[in-house]
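Geometric and topological summary
This is what each chain is made of:
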Amino acid sequence: MKNMKADTFHSVLQNTVFGAVGMLLFTVLAFLLTNWYKPSIAIMGALLVYAIFMLSGKFIISMVS
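One structure accompanies this document, and this report is about it. Quick caveat: nothing in here was measured; it's all calculated off a predicted structure.

1. Description of the overall build of the protein
- Check the secondary structure of the protein and you find two helices and zero strands.
- Sequence separation of at least 24 residues holds for 58% of the intrachain contacts in the protein that already meet a minimum separation of 6.
- If you sum the accessible surface of the protein, you get close to 5200 Å²; carbon and sulfur atoms cover 76% of it.

Listed below in structure tokens is the structure:
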């Protein structure tokens, strides 16, 4: 971190927070969906939502930055 430029640090911080929110979304969805569906279907659904979240978020972050 000492040798990192401010804009690089800001980008890494942004990606870290976004990734953490994505993993939280995946975990919560996996646990919630297993109450209504079989575990394999619940995990596949949570992975699908997670992938859409990550892909759309990368696109939005690239537009903002």
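Let us keep going from here.
2. Some words on the environment of Gly22
- As for its position among the elements, Gly22 is in helix H1 (residues 6–33).
- Expressed as a C-alpha distance, the spacing of Gly22 and Ser40, which sit 18 residues apart in the sequence, is 20 Å.
- Once you skip the residues sitting within four places of it in the chain, Gly22 turns out to touch Tyr50, Phe53 and Met54.

3. Comments concerning the packing of aromatic side chains
- One pass over the full model with this rule turns up two aromatic pairs.
- Consider the rings of Phe18 and Phe53, whose centres lie 4.7 Å apart with planes at 15 degrees: the pair is stacked. One end of the pair, Phe18, is in helix H1; the other, Phe53, is in helix H2 (residues 39–64), and 35 residues separate them in sequence.
- Judged by relative accessible area, which is 15%, Phe18 ranks as buried.

Thresholds applied
- Residues numbered from 1 in each chain as written.
- Predicted model: local features only at pLDDT ≥ 70, side-chain atom pairs only at ≥ 80, totals over all residues.
- Heavy atoms only, no water.
- Helix = DSSP H or I, 4+ residues; strand = E, 2+ residues; numbered from the N terminus.
- Contact = heavy atoms within 4.5 Å.
- Areas by Shrake-Rupley, 256 points an atom, 1.4 Å probe, with all protein chains shown as cover.
- Phe/Tyr/Trp six-rings, centres within 6.5 Å; stacked < 30°, edge-to-face > 60°.
- Buried < 20%, exposed > 50% of the residue type's maximum accessible area, 1.4 Å probe, protein only.

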